[in-house]
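What the coordinates show
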Amino acid sequence: MSDTADASGEATDDVGATDAGHEADAVPSPDPAVDPTDAVLATDELHRTFGEVTAVDHVSLGVERGELRAIIGPNGAGKTTLFNTIMGTLPPTDGRVFLDGADVTDRAEHERPHLGLARSFQSNELFEDQTVLENVRVVVQTTQRGAFSFDLFRDHRSVGRERALELLDTVGLDAPPTTLAKNLPHGNQRRLGIAMALATDPEVLLLDEPTSGMSPGATTATATLIEEIRDELGLTVVLIEHDMDVVLSISDRISVLNRGSVIATGPPEEIQANDAVQDAYLGGMREEL
Ligand SMILES: Nc1ncnc2c1ncn2[C@@H]1O[C@H](COP(=O)(O)OP(=O)(O)OP(=O)(O)O)[C@@H](O)[C@H]1O
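Residues numbered from 1 in each chain as written. Predicted model: local features only at pLDDT ≥ 70, side-chain atom pairs only at ≥ 80, totals over all residues. Heavy atoms only, no water.

The name recorded for the protein chain in an unreviewed UniProt entry is Probable branched-chain amino acid transport ATP-binding protein LivG, from Haloarchaeobius litoreus. The annotation that UniProt attaches to the protein chain under Sequence similarities (unreviewed entry) is "Belongs to the ABC transporter superfamily." Taken directly from UniProt, the Function (unreviewed entry) text for the protein chain runs: "Probable component of a branched-chain amino-acid transport system." (UniProt positions renumbered as here; feature names shortened; annotations may be inferred.)

Next comes the structure, spelled out in structure tokens:
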């Protein structure tokens, strides 16, 4: 549970106080598929342009607590820009982002992990000359959202170490913790990136193409890991993914973006049968759907 919410999931003063007027009951019509009061993550008319190009076009989404939501769409549909605006990597041109009912749109990117929102680290964000363990430990220590309480009589760094080792075990990273990050194979680097995101103890985890460049075996293992993150850690997961086998097998709901707009949201079987979705994928993915 984030420190931005109480046990009932209601927003507390922590975030709301800085954004008076944008409190839990103010979340405006996010996603028709999800009751606004159940949405742990919501966007309201989120919009982002680059000059003449509209990358994200008034997107309203509501993601339920504990849900695994896939965001799919053809190349250039706006998926990564949507993530960037949710994470604060890019400011939206218009629209709002809500976490636990509180408006976080104006919160800086570096604050988002402290609010319970994390995105997996990409390979180019790893400290490649540091060990696998150090990469995770530095996140545990700097975010201080790790699942431990401060104890004056314990060595703080050793607690960070225990937590980091636990997370490496959780993601099934198949290498000794002393391995330098740069020496990890690609699939393990992606797992390390997920362990680092989990080290912030998020409530909502955004994963941007976690299986890209992986072998079929590693892709299946990663899909299983993502399900475990939802089922065993109880996180809400939002996933951008091009592999339709993964998307269809693990998602609770799928939202389809096309030219910046959400053209459909629903369970996998509904999305597979949706003609507008089929039309959006005139290319190779059409057959896969
Ligand atoms: N920094 C930028 N400057 C200008 N245009 C951009 C920028 N980032 C994205 N775009 C444009 O915004 C649109 C959406 O791009 P985006 O990368 O979000 O799509 P995507 O769905 O993630 O694509 P892909 O599946 O290929 O990664 C595209 O037309 C892209 O060219």
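We are not done yet, so read on.
1. Brief notes about the site of the ligand
Lining the immediate environment of the ligand, one finds Phe50, Val53, Ala55, Pro74, Asn75, Gly76, Ala77, Gly78, Lys79, Thr80, Thr81 and His242. With respect to the ligand, the side chain of Thr81 contributes an N or O atom lying 2.5 Å from an oxygen atom. A total of 630 Å² of accessible area belongs to the ligand in isolation, and the protein chains cover 57% of it. For the shell around the ligand, the secondary structure elements donating two or more residues are β2 (53-64) and α2 (79-87). Of all the elements, α2 adds the most residues to the shell around the ligand, at 3 residues. Across the shell around the ligand, the residue classes tally to 5 nonpolar, 6 polar and 1 charged. (Near = heavy atom within 4 Å. Polar contact = N/O pair within 3.5 Å; in protein donor to acceptor, adjacent residues only side chain to side chain. Areas by Shrake-Rupley, 256 points an atom, 1.4 Å probe, with all protein chains shown as cover. Helix = DSSP H or I, 4+ residues; strand = E, 2+ residues; numbered from the N terminus. Nonpolar A, V, L, I, M, F, W, Y, C, P; charged D, E, K, R; others polar.)

2. A few points about the nonpolar core
Counting residues in each nonpolar core, the largest one holds 33 residues, and the members touching the most others are Val136, Leu168, Leu192, Leu198, Leu205 and Ile229. Secondary-structure elements contributing two or more residues to this core are α3 (132-143), α4 (156-170), α5 (186-198), β7 (204-208), α6 (216-231), β8 (236-240) and α7 (244-250). Of all the elements, α5 adds the most residues to this core, at 6 residues. Summarising the domain contributions, this core has at least three residues from each of domain 1 (1-116 + 205-289) and domain 2 (123-201). Of all hydrophobic cores here, the second largest spans 23 residues; its members include Val204, Val238, Ile240 and Leu257. (Core = buried A, V, L, I, M, F, W, Y, C linked by side-chain atoms within 4.5 Å. Buried < 20%, exposed > 50% of the residue type's maximum accessible area, 1.4 Å probe, protein only. Domains from an automatic or database assignment.)

3. Concerning the packing of α3 against α5
α5 packs onto α3 with a crossing angle of 25 degrees between their chain directions and a minimal axis gap of 8 Å. As judged from the angle between their axes, α3 and α5 are roughly parallel. The handedness of the crossing between α3 and α5 comes out as right-handed. Contact residues: α3 offers Val132, Asn135, Val136 and Val139, while α5 offers Leu192, Ala195 and Met196. For the contact of α3 with α5, the class distribution of residues is 6 nonpolar, 1 polar and no charged. (Axes fitted to C-alpha atoms, helices over the stretch in contact; angles between N-to-C directions. Parallel < 35°, antiparallel > 145°, perpendicular 65-115°, else oblique. Left-handed = near helix turned anticlockwise from the far one by under 90°. Contact = heavy atoms within 4.5 Å.)

4. With respect to the pattern of salt bridges
When the charged atoms of two side chains with opposite charge come close together, those side chains can pair. Considering all chains together, one arrives at 15 salt bridges under this definition. A salt bridge links Arg69 to Glu67; the nearest nitrogen and oxygen atoms lie 2.7 Å apart. Among the residues examined, Glu67 registers a relative accessible area of 3% and is labelled buried. Through salt bridges with shared partners, a single ionic network connects Glu64, Glu67, Arg69 and Arg253. (Salt bridge = Lys/Arg side-chain N within 4 Å of Asp/Glu carboxyl O.)

5. Observations concerning the confidence of the model for the protein chain
Considering every residue of the protein chain, the mean pLDDT works out to 83; 79% of them sit at 70 or more. Across residues 1-29, confidence stays below pLDDT 50; counting only partners more than four residues off in sequence or on other chains, it has 57 contacts. The model gives residues 145-149 a pLDDT under 50, and that stretch makes 17 contacts with residues more than four places away or in other chains. (pLDDT = per-residue confidence, 0-100.)

6. Focus on α6
Its 16 residues give α6 an end-to-end C-alpha distance of 23 Å, which sits within 8% of 22 Å, the value for a rise of 1.5 Å per residue. Of the residues making up α6, those classed as buried are Thr219, Thr222, Ala223, Leu225, Ile226, Ile229 and Arg230. Axial view of α6: buried residues confined to an arc of 160 degrees, hence all on one face. Exposed residues lying more than 90 degrees from the buried face of α6 are Gly217, Thr220 and Asp231. (Expected span 1.5 Å × (residues − 1). Arc of directions from axis to C-beta.)

7. Concerning the environment of Asn135
Structurally, Asn135 is set in helix α3. Residue Asn135 is classed as buried on the basis of its relative accessible area, which comes to 0%. Apart from the residues within four sequence positions on either side, Asn135 is in contact with Leu126, Phe127, Gln130, Ala181, Leu192 and Met196. In terms of polar contacts, Asn135 uses its side chain to reach the backbone carbonyl oxygen of Gln130, at 3.5 Å.

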